[in-house]
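# Summary of structural features
Okay, here's what each chain looks like letter by letter:
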Amino acid sequence: MGQGSGFGKVILFNEHFVVYGIPAIVSAISMRTTATAFRAPGGFELRDSRPATPGYKADKMQHQKDSLDYIFNAMGLKKEGIRIELGGDLYAASGVGASAASCAAIARALSEEFDLGYSDEEINRVAYQGERGYHGTPSGIDNTAATYGGLIWFKRGKTNIMERMHLSEAVNIVMGNTGKVANTKAAVAGVRERKEANLEKYEKIFKAAEDLALKGREAIEAFDLETLGELMNENHGLLQEIEVSNADLDHLVEIARKEGALGAKMTGGGLGGYMVALTPADEVQERVASAIEKEGFQVLRTKIGI
Ligand code: MEV
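What counts and what doesn't
Residues numbered from 1 in each chain as written. Predicted model: local features only at pLDDT ≥ 70, side-chain atom pairs only at ≥ 80, totals over all residues. Heavy atoms only, no water. Pairing = 2+ DSSP bridges. Helix = DSSP H or I, 4+ residues; strand = E, 2+ residues; numbered from the N terminus. Axes fitted to C-alpha atoms, helices over the stretch in contact; angles between N-to-C directions. Contact = heavy atoms within 4.5 Å. 1 Å grid on protein atoms, 1.4 Å probe; cavity = no way out; pocket = protein on both sides within 12 Å on 5 of 7 lines; lining within 4 Å. Points joined across faces, edges and corners; volume = space filled by probe spheres on them. Nonpolar A, V, L, I, M, F, W, Y, C, P; charged D, E, K, R; others polar. Domains from an automatic or database assignment. Near = heavy atom within 4 Å. Polar contact = N/O pair within 3.5 Å; in protein donor to acceptor, adjacent residues only side chain to side chain. Areas by Shrake-Rupley, 256 points an atom, 1.4 Å probe, with all protein chains shown as cover. Sits in = over half its atoms within 2 Å of the grid points.

Glancing now at the sheet that holds strand β8 (residues 263-266). One key point about sheets: their strands pair by backbone hydrogen bonds, in either a parallel or an antiparallel sense. Strand order in the open sheet formed by four strands is β8-β9-β7-β10, with antiparallel pairing between adjacent strands. Looking at which strands have only one partner, the edges of the open sheet turn out to be β8 and β10 (298-304). Pairs of neighbouring strands in the sheet enclose a mean axial angle of 20 degrees, with direction left out of account. Across the sheet, helix α8 (residues 225-241) is in contact with β7 (171-177), β8 and β9 (274-278); its angle to β8 comes to roughly 30 degrees. Along the sheet, helix α10 (residues 282-294) contacts β7, β9 and β10; its crossing angle with β10, the most-contacted strand, is approximately 155 degrees.

The following block contains the structure:
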């Protein structure tokens, strides 16, 4: 029996822009997906007992199958005589890195079961391949966060740049789940289409996104949470401009700001999935979380910079 886990994540700056080489900031959260690999006579079986947004698992079934094929291929293993069980406390939902966390967890469990001794770098490479099953040409940010954890500056390139960042202490956040399963592949393709049709407009937005990431990094390094929150608000504005937010996400963002969050934005692929609110004080975290729950949405109370 081999075991492994992968972190859930929250993108603080520049989902979507990151696909085009604009720097982004991502943090792992405390929730994880776990995987256990067992040798079992016969074919291949997956038992998935992760908590999930209703409809998520059915919707992602084919993606998950493709992803498993990519993972086994990348590891040079045959997809037979094996059972994988998925669990953990990370919600299988859009926007929280659920697919990447499962890929990293599975790669680790298989590496242990087959005595492959993979390094984090190799796990990350396999998890990236697995992510391809879910969204075609991922930037690599989600699998990097799922594999390494922590707070990361990420820039996609011929060789991706990954730099560890530090908050002087972990900071409370609330993640609000719209309950809508989103298709990241379609969201990414939509941005590409609109960008090609409005090059000048999009270039300006992309430049603003790059500036925000740099300022966000400074705010994190200076532990200036008020500025960090304002910059997250601005980032949400840019994501609205490229049309990856939607009415549910905007609604939850508004609730969070009204209840005292220092900043709030959609996170991940958008068009559903999660938003994130920066809520350092315990009572503000609780107020924002309860207000979102009162409207019937599921929330995560967690931290960045752990
Ligand atoms: C999804 O969590 C983040 C996106 O930027 C896609 C990617 O980076 O691969 C939307």
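The discussion continues.
Taken as a whole and assessed by the stated rule, the structure comprises one cavity of 30 Å³ or more. Size it by volume and the largest cavity reaches roughly 340 Å³. Taken together, 31 residues make up the lining of the largest cavity; nearest its centre are Lys-9, His-135, Asp-142, Thr-184 and Gly-269. Elements supplying a minimum of two residues to the lining of the largest cavity: β1 (2-13), α3 (98-113), α4 (120-135), α5 (141-148) and α6 (184-197). Considering only residue class, the lining of the largest cavity consists of twelve nonpolar, 14 polar and five charged. Built from parts of two domains, the lining of the largest cavity gets at least three residues from each of domain 1 (2-165) and domain 2 (171-304).

The environment of the ligand is made up of 13 residues, and the closest members are Lys-9, His-16, His-135, Ser-139 and Asp-142. Between an oxygen atom of the ligand and a side-chain N or O atom of Lys-9, the distance comes to 3.2 Å. Ser-139 places a side-chain nitrogen or oxygen 2.6 Å from an oxygen atom of the ligand. When the free accessible area of the ligand is taken as 300 Å², the share hidden by the protein chains comes to 97%. For the ligand, the cavity whose grid points lie within 2 Å of the majority of its atoms is the largest cavity. Elements with a contribution of two residues or more to the shell around the ligand: β1 and α5. When grouped by side-chain class, the residues that make up the shell around the ligand number five nonpolar, five polar and three charged.

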